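So you can see what is in the structure, the chains are spelled out below.
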Amino acid sequence: MSPNNLIELPIIMELIDPIEDGVVLDIGCGDGQFKYDLEKKGYLHYTGIDPSENMIVRAKENLTEEDKLIQIDMESFQYPYAKYHLITSRLVMHYSSKPQILFEKIYQALKPQGIFLFSVQHPVYTANIENHQSKEVIEVKRYFENGSRYEDWMGQEVKKYHRTIEDYFQYAIDAGFKVEMIKEGKPKPILFDDDLDLKRRQQIPLFLILKLRK
């Protein structure tokens, strides 16, 4: 099973406040399957956005006509004022070239006491992402040098943006958020059937997860 499902998703689900009849925006919704996890927490009104036409097509196949899906990138989306109880973003914020502006838009789109819950690849990994041979052995370089990084992904060059943990905190505070929780993806032994895989995943943090409240 992927580390996303073994490590990142369980932490995300722990941090989601349960609600009745909640309204949620899923930034970078992919195939839309996360909607069904959100439903278990009471978020019944789902909007997903994604820049990929293929992902939106797949999401429409997986979801219902009541779910709203929009093909658009997260920086171009017109965020409505005070509409959502929860905004989620799983492993897409490191694609943002203007995170400060994006955090401000997300803050305005939340209802009072609303939550912005997001994950990114851990900054110790993204700092020198071009030169990593694997996710198990990494060399941290240029950590405090913010900006674009390029990673080979399935034969294609993908552009990401490295930010430090301090940067993400500052974006949140500057936008007006209260930082409620930070997680670095510590694996839980109970979720692993393979002791060797657990030991391997305990060596290097792959994820940074923040829970922010308006």
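The structure this text deals with has already been given above.
We now turn to the structure provided with this report. (Residues numbered from 1 in each chain as written. Predicted model: local features only at pLDDT ≥ 70, side-chain atom pairs only at ≥ 80, totals over all residues. Heavy atoms only, no water.)

1. A word on the pairing of strand β5 (residues 110-121)
Note the threshold: Any residue under 20% of the maximum accessible area for its type is buried, any over 50% is exposed, and the rest in between are partly exposed; the area is computed with a 1.4 Å probe on protein chains only. Where helices and strands are cited, they refer to DSSP runs of H or I of at least four residues and of E of at least two residues respectively, numbered from the N terminus. Two strands form a pair only when DSSP identifies at least two bridges running between them. Orienting the strands away from the viewer, one traces the path from the first strand over the helix to the second; a clockwise path indicates a right-handed crossover.
With respect to burial, β5 is a largely interior element, nine of its 12 residues being buried. As paired elements, strand β4 (residues 84-90) and β5 share six bridges and run parallel to each other. Directly across from Ser89, in β5, lies its bridge partner Phe118. What joins β4 to β5 is helix α4 (residues 99-109), and the crossover it makes is right-handed. Note: β5 against strand β9 (residues 207-213), seven bridges, orientation antiparallel. The partner of Phe116 across the bridge, within β9, is Leu212.

2. With respect to the packing of aromatic side chains
Which entries qualify depends on this criterion: Side-chain rings of Phe, Tyr and Trp, where Trp is taken by its six-membered ring, are said to pair if the distance between their centres is within 6.5 Å; with planes under 30 degrees apart they count as stacked, over 60 as edge-to-face, and otherwise as tilted. For a lysine, the NZ atom is tested; for an arginine, the CZ atom; a charge sits over a ring if that atom is within 6 Å of the ring centre and within 35 degrees of the ring normal.
According to the stated counting rule, one finds 10 aromatic pairs in the structure shown. For the pair Phe118 and Tyr168, a centre-to-centre distance of 5.8 Å together with 50° between the ring planes defines the contact as tilted. A residue pair is termed long-range when its members are at least 10 positions apart, and Phe118 in strand β5 and Tyr168 in helix α6 (residues 165-175) qualify at 50 residues. Accessibility classification places Phe118 together with Tyr168 in one group, the buried group. Aromatic side chains Tyr168 and Tyr171 sit 6.1 Å apart centroid to centroid with 90° between the ring planes, which places their arrangement in the edge-to-face category. Of this pair, Tyr168 and Tyr171 both sit in helix α6, three residues apart, roughly one helical turn. Site record: aromatic cluster; members linked through ring pairs are Phe103, Tyr107, Phe116, Phe118, Tyr168, Tyr171 and Phe177. A cation over a ring is seen here: Lys214 above Tyr81, with NZ or CZ 5.6 Å from the ring centre.

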